[in-house]
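Listed below are the residues making up each chain.
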Amino acid sequence: MNVLFWNIKKKDSFIKTIVDIILEEDIDLVAFAEFPEEKEEQFKNEFKKALDDFEHLQPVKPNKIIIFYRSRQVNISNAYDGHKINVKRVKSAKDGNVYNFIFCHLRDQFSTDKEQLPGFARPIVKEILEYEKDQKNARTILCGDFNMDPFECGMLEYDCFNAMQTASLALKGTRNIEGDPYPMFYNPTWGLMGDLHGQDVPGTFYYAPSHPIQQYWHLLDQVIIRPDVIPVFDKKQLKIVTTGRNYNLLNKNGNIDASYSDHLPIKFHLNI
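The residue numbers shown here count from 1 along each chain, following its written sequence. Two thresholds apply to this predicted model, a pLDDT of at least 70 for residue-level local features and 80 or more for giving and counting side-chain atom pairs, whereas whole-chain, interface and lining totals are computed over all residues. Think of the side-chain values as coming from all heavy atoms in the structure, minus any hydrogens and water.

Engineer: Mind laying out the overall build of the protein, listing which residues take part and the relevant values?
Structural biologist: A tally of regular secondary structure across the protein gives five helices and 17 strands. With C-alpha atoms as the basis for the radius of gyration, the globule rule is written as 2.2 Å multiplied by the number of residues raised to the power 0.38. In summary, the protein has a C-alpha radius of gyration of 18 Å against a globular reference of 19 Å for 272 residues, a match within 12%. Along the first, second and third principal axes, the C-alpha atoms of the protein reach 55 × 50 × 35 Å. By residue count, 51% of the 272 residues in the protein fall in the buried class. Note on contacts: a residue pair is in contact if any heavy atoms of the two residues lie within 4.5 Å. Expressed as a percentage of contacts within the protein between residues at least 6 apart in sequence, the contacts between residues at least 24 apart total 66%. When the accessible area of the protein is evaluated, it comes to approximately 12800 Å², of which 46% is carbon and sulfur surface. The centroid of the 33 positive side-chain charges in the protein is displaced by 3 Å from the centroid of its 38 negative side-chain charges. Helical segments are the DSSP runs of H or I of at least four residues, strand segments are the runs of E of at least two, and each set is numbered from the N terminus. The cut-offs for exposure are 20% and 50% of the maximum accessible area for each residue type, with area from a 1.4 Å probe on protein chains only; residues under the lower value are buried, those over the upper are exposed, and the others partly exposed. Surface exposure here means Shrake-Rupley accessible area, sampled with a 1.4 Å probe, where a residue is shielded only by the protein chains that are shown. Neither His nor the chain ends contribute to the count of charged residues, in which Lys and Arg are positive and Asp and Glu negative. By convention, the point assigned to a charge is CZ for Arg, NZ for Lys, CD for Glu and CG for Asp.

Here it is as structure tokens:
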């Protein structure tokens, strides 16, 4: 199962490019942040021209994330609409297991004091834990625009996402803080940072103000998974999508082409 996530900055001008990406990357489920208002039907119709089984997953209540999926490939349904999270139930045709899919779009870090960002993560994590406990199911995939890099406090703090940079660390399951266990996520998107992974770019967002300390590339769009999902997650197929036969999301300087979005999409694969 191939999944694509993209913050498209409320634009509908490059649907044809999205279709090209879906076809070339063999996408089964696509989730959008900052989706243009009331364009769900337009997008679905364009997708159906290419693959006739594409459908829009109608949410129970308004959601910041819009999802489309291939009905013959993906068994997905709305499972839980809470205060901070919306959980989708995906049943695998391969192993029969149910997986918790959660997509998120957190507070913009460039218009918010960074010290406040963990405070927005904690209630999300708390609700995820409550859902997992209620369902007795920790096969959870959390994907989206976290508006934090993998190394920032909200991603690493024990009572926030607690997202480790290696599978071996995450497979410990929990880490104890003052005698209390806190479940961990594995964050494979750490591996997309820098220029040693063979991809065109070291992040999904480029920001270049005139500051004395400047990172330039940020990896704001990530997928993190519970240890129970690690066996079915294909690390080799995790990628930032930049170019294809009929599209190039980068400009002549190798930065993000703003005619599309200010973010690049990420793709990941689950053997389910």
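From this point, the narrative continues.
Engineer: Could you give me a rundown of the pairing of strand 10 (residues 174-177), with the residues and numbers involved?
Structural biologist: Relative to strand 11 (residues 180-183), strand 10 runs antiparallel, the two being bridged by four bridges. By the bridge assignment, Thr 174 is partnered in strand 11 with Pro 183. Being paired, for any two strands, means DSSP has found at least two bridges between them.

Engineer: Account for the pairing of strand 5 (residues 75-81), with residues named and values stated.
Structural biologist: Summarising the sheet, strand 5 and strand 6 (residues 86-91) pair through six bridges and their orientation is antiparallel. By the bridge assignment for strand 6, Ile 76 is matched with Val 90. Two successive antiparallel strands, strand 5 and strand 6, enclose a turn made up of four residues.

Engineer: Go over the sheet that holds strand 2 (residues 29-33) with me, naming the residues and quoting the values.
Structural biologist: If you walk across this open sheet you meet the six strands as 3-4-2-1-17-16, and the pairing is mixed. Looking along the sheet, the strands with just one partner apiece sit at the ends: strand 3 (54-56) and strand 16 (239-240). As paired elements, strand 1 (residues 2-7) and strand 17 (residues 266-269) share four bridges and run antiparallel to each other. Residue pairing in the sheet places Asn 2 in a bridge with His 269 of strand 17. Axis geometry follows a simple rule: fit a line to the C-alpha atoms, using only the stretch in contact for helices, then measure angles between N-to-C directions, giving values from 0 to 180 degrees. Here helix 2 (residues 40-50) sits on the sheet in contact with strand 2, strand 3 and strand 4 (65-70), set at roughly 170 degrees to strand 3.

Engineer: Outline the pattern of salt bridges, listing residues and values.
Structural biologist: When a carboxyl oxygen of Asp or Glu is within 4 Å of a side-chain nitrogen of Lys or Arg, the pair counts as a salt bridge. The final tally for this structure, using the stated rule, is 13 salt bridges. One network of salt bridges, in which partners are shared, links Asp 52, Asp 53, Arg 70 and Arg 72.

Engineer: Residue-level account of the nonpolar core, with values.
Structural biologist: Put simply, a nonpolar core is a bunch of buried Ala, Val, Leu, Ile, Met, Phe, Trp, Tyr and Cys residues held in one set by side-chain atoms that sit within 4.5 Å of each other. Residues Phe 32, Phe 47, Phe 101 and Phe 103 are the most contacted members of the largest nonpolar core, which totals 65 residues. Dropping the residues within four chain positions of it, Phe 47 is found in contact with Ile 18, Val 19, Ile 22, Val 30, Phe 32, Phe 54 and Phe 68. Listed in part, the 20 residues of the second largest apolar core include Cys 104, Ala 121, Val 125 and Ile 128.

Engineer: Describe the environment of Val 60, and please don't skip the residues or the numbers.
Structural biologist: With respect to the element layout, Val 60 can be found in the loop between strand 3 and strand 4. For Val 60, a relative accessible area of 62% corresponds to the exposed category. A C-alpha to C-alpha distance of 9.2 Å links Val 60 and Asn 86, two positions 26 residues apart in sequence. Setting aside its immediate chain neighbours within four residues, Val 60 contacts Asn 78 and Asp 81.

Engineer: An account of the side chain of His 56 is requested, with residue identities and associated values reported.
Structural biologist: Summarising the element assignment, His 56 is placed in strand 3. Discounting chain neighbours no more than four positions away, the residues touching His 56 are Glu 40, Lys 44, Ile 66, Ile 67, Phe 68 and Tyr 69.

Engineer: Give me the lowdown on the packing of aromatic side chains, citing residues and values where you can.
Structural biologist: Aromatic pairs are defined between Phe, Tyr and Trp rings, using the six-membered ring for Trp, whenever the two ring centres lie within 6.5 Å; interplanar angles under 30 degrees are classed as stacked, those over 60 as edge-to-face, and all others as tilted. Counting across every chain of the model gives 20 aromatic pairs. Arranged with centres 5.4 Å apart and planes meeting at 55 degrees, the rings of Phe 47 and Phe 54 form a pair that is tilted. No difference in accessibility class separates Phe 47 from Phe 54, as the two residues are buried. What links up through ring pairs into an aromatic cluster is the set Phe 32, Phe 35, Phe 43, Phe 47, Phe 54 and Phe 68. We count a charge as sitting over a ring when the NZ of a lysine or the CZ of an arginine lies within 6 Å of the ring centre and within 35 degrees of the ring normal. Its guanidinium or amino end placed over the ring of Tyr 99, Arg 139 lies 5.8 Å from that ring's centre, counting from NZ or CZ.

Engineer: Explain the side chain of Asp 221 residue by residue, including any values.
Structural biologist: Positionally, Asp 221 belongs in strand 15 (residues 221-225). Lacking a salt bridge, the buried Asp 221 has Lys 64 as its closest oppositely charged neighbour, with an N-O distance of 12 Å. Whenever a nitrogen or oxygen atom comes within 3.5 Å of another N or O atom, the pair is scored as a polar contact, on the condition that within protein one atom can donate a hydrogen and the other can accept it, and that pairs from neighbouring residues in sequence are kept only if both atoms are in side chains. Separated by 2.5 Å, the side chains of Asp 221 and Thr 204 make a polar contact. Polar contacts involving the side chain of Asp 221 include one to the side chain of His 263, which spans 2.8 Å. If sequence neighbours within four positions are ignored, Asp 221 has contacts with Phe 5, Asn 7, Gly 144, Asp 145, Thr 189, Thr 204, His 263, Leu 264 and Ile 266.

Engineer: An account of the packing of helix 1 (residues 15-24) against helix 2 is needed here, citing residue identities and associated values.
Structural biologist: Direction vectors running N to C along helix 1 and helix 2 enclose 45 degrees, while the axes themselves pass 10 Å from each other. The angle between the axes of helix 1 and helix 2 places the two elements in the oblique class. Between helix 1 and helix 2 lies a crossing whose hand is right-handed. Contacts between helix 1 and helix 2 involve Ile 15, Lys 16, Ile 18, Val 19, Ile 22 and Leu 23 from the first element and Gln 42, Phe 43, Glu 46, Phe 47 and Ala 50 from the second. Note that Gly is not counted as nonpolar here; it falls among the polar residues with everything else outside the nonpolar set of Ala, Val, Leu, Ile, Met, Phe, Trp, Tyr, Cys and Pro and the charged set of Asp, Glu, Lys and Arg. Of the residues in the contact of helix 1 with helix 2, the class split is eight nonpolar, one polar and two charged. Roughly parallel means an angle under 35 degrees; roughly antiparallel means over 145; roughly perpendicular covers 65 to 115; every other angle is labelled oblique. By convention the crossing between two helices is left-handed if the near helix lies anticlockwise of the far one by an angle smaller than a right angle, and right-handed if it lies clockwise.

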